[in-house]
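One-letter residues, chain by chain:
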Amino acid sequence: MERDDLNIFENIEAPQFADTSIYEDSSLVLFLPDLYPDYETGYSVSSDTNGVSAYIISDSLIVSPAENWTGSALIEVVLTAEDTLTDTTRFVLGVIAVNDNPTLSVLRDTVMMEDSSLSIPLIFSDVDNEDITLFVTSSHNDYLSLEIIDSTLYIASSPDWNGDSILVYVSLNDNMD
C-alpha cells in the first residue's frame, strides 16, 4: 500500500539572516518562519558571548545585549525537523555604542547663614567614563559667589546679604554631544 501523504526529505534549510547592527540598550527581533508546516519543527538559538542574550518567543527570535554592552556577537540559529534533521545558520550582531548622559545626584534644599559660606559635595557619574565638565549658575549671581573645585560646590554670599528662593543650577556635560 502506497501513501501519497508522506513526504520524505533528506535535508532542510534554516532561514538566513544578514549580519546586522543595533544601538546599545536596544533589542533586535527577527521573524522565524515556519518553513516546513507539514512537519514538527523547532528553533533553538545561542550567542557566543554572555553580553548578549538570545531567545525565542513564539515565532520571534529576540536578541538583547546587556545594558551598556557594546561589541559584536555571533548568533547561531538551529532549525530542527522531526527531531532528526538540523540546519544551522549564523549571523553577526554588532552593538554600536551610544553616549549615555552623565548623572548628578539630587541636591537637597539647603540653608546658609548670612555672611557665611557653604560647601556641597557633588556626586556624579558617567557610565561611558568620559571627562565631565560641571557648570553652576544662580538666579542671584549679584549676591552669590559660586565655584566648583574638585567636585565640590562652594557658595558664598555678599556681605550682609540675605534672602530666600535662591535657585542654584548645576549641570554637567561629558562633552560628547
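See the structure printed just above.
Residues numbered from 1 in each chain as written. Predicted model: local features only at pLDDT ≥ 70, side-chain atom pairs only at ≥ 80, totals over all residues. Heavy atoms only, no water.

**Student:** Talk me through the overall build of the chain; I want residue IDs and the actual numbers.
**Tutor:** Helix and strand content of the chain: zero helices and 14 strands. Looking at the 177 residues of the chain, the share that counts as buried comes to 28%. Taking all contacts inside the chain whose residues are at least 6 apart in sequence as the whole, residues at least 24 apart take part in 63%. Total accessible area on the chain stands at roughly 11,900 Å², and carbon and sulfur atoms take up 47% of it. (Helix = DSSP H or I, 4+ residues; strand = E, 2+ residues; numbered from the N terminus. Buried < 20%, exposed > 50% of the residue type's maximum accessible area, 1.4 Å probe, protein only. Contact = heavy atoms within 4.5 Å. Areas by Shrake-Rupley, 256 points an atom, 1.4 Å probe, with all protein chains shown as cover.)

**Student:** Break down the nonpolar core for me, citing the residues and quoting the values.
**Tutor:** Ranked by size, the top nonpolar core spans 16 residues in total, and within it Val52, Leu61, Val63, Ile75, Val77, Phe91 and Leu93 carry the most contacts. Of all elements in the fold, only β4 (52-57), β5 (60-65), β6 (71-81) and β7 (85-96) reach the threshold of two or more residues within this core. (Core = buried A, V, L, I, M, F, W, Y, C linked by side-chain atoms within 4.5 Å.)

**Student:** Please set out the sheet that holds β4 residue by residue, giving values where relevant.
**Tutor:** In a beta sheet, neighbouring strands pair by backbone hydrogen bonds and run either parallel or antiparallel. The strand order across the open sheet built from three strands is β2-β5-β4, with neighbouring strands paired in antiparallel fashion. Edge positions in the open sheet fall to β2 (28-31) and β4, since each of these has one partner strand only. The sheet shows a mean angle of 20° between the axes of neighbouring strands, taken without regard to direction. Alignment of β4 against β5, held across six bridges, turns out to be antiparallel. Its bridge partner lying in β5, Ser53 is registered against Ser64. (Pairing = 2+ DSSP bridges. Axes fitted to C-alpha atoms, helices over the stretch in contact; angles between N-to-C directions.)

**Student:** With reference to specific residues and values, describe the packing of aromatic side chains.
**Tutor:** Across all of its chains, the model carries two aromatic pairs by this definition. Arranged with centres 5.1 Å apart and planes meeting at 15°, the rings of Tyr143 and Trp161 form a pair that is stacked. Here Trp161 lies in the loop between β13 (152-157) and β14 (168-173) and Tyr143 lies in the loop between β11 (133-138) and β12 (144-149), a separation of 18 residues in the sequence. Residue classification places Tyr143 among the partly exposed residues on the basis of a relative accessible area of 37%. (Phe/Tyr/Trp six-rings, centres within 6.5 Å; stacked < 30°, edge-to-face > 60°.)

**Student:** Give a description of the sheet that holds strand β1 (residues 20-23) that names residues and reports values.
**Tutor:** The sheet built from four strands is open, its strands ordered β1-β7-β6-β3 with mixed pairing. Two strands close off the open sheet at either side, each with one partner strand: β1 and β3 (41-47). Each strand of the sheet is rotated relative to its neighbour by a mean of 30°, with strand direction disregarded.

**Student:** I'd like to hear about the environment of Thr89, residue by residue, with values.
**Tutor:** Looking at where Thr89 falls in the secondary structure, it is placed in strand β7. Residues Thr89 and Val45, 44 residues apart in the sequence, show an inter-C-alpha distance of 9.7 Å. A distance of 3.3 Å separates a polar atom in the side chain of Thr89 from a polar atom in the side chain of Gln16. (Polar contact = N/O pair within 3.5 Å; in protein donor to acceptor, adjacent residues only side chain to side chain.)

**Student:** An account of unusual backbone geometry is needed here, citing residue identities and associated values.
**Tutor:** In this model, Asp25 sits at a positive phi of 65°, which is unusual for a non-glycine residue. Relative to the helices and strands, Asp25 is located in the loop between β1 and β2. For Asp25, a relative accessible area of 40% translates into the label partly exposed. For Ser58, which is not a glycine, the phi torsion comes out positive at approximately 55°. Here Ser58 shows up in the loop between β4 and β5.

**Student:** Describe the environment of Thr137, naming the residues involved and giving the relevant values.
**Tutor:** Examined against the element boundaries, Thr137 turns out to sit in strand β11. Overall, the relative accessible area of 35% leaves Thr137 in the partly exposed class.

**Student:** Lay out the side chain of Glu24 with the relevant residues and their values.
**Tutor:** Along the chain, the position of Glu24 falls in the loop between β1 and β2. There is no salt bridge for the buried Glu24, and the closest opposite charge comes from Arg90, which lies 26 Å off by N-O distance. Here Val98 takes part through its backbone nitrogen, which lies 3.0 Å from a polar atom of the side chain of Glu24. The residues contacting Glu24, other than those within four sequence positions of it, are Asn68, Trp69, Thr70, Val95, Ile96, Ala97, Val98 and Asp100. (Lys, Arg positive; Asp, Glu negative; His and termini not counted. Salt bridge = Lys/Arg side-chain N within 4 Å of Asp/Glu carboxyl O.)

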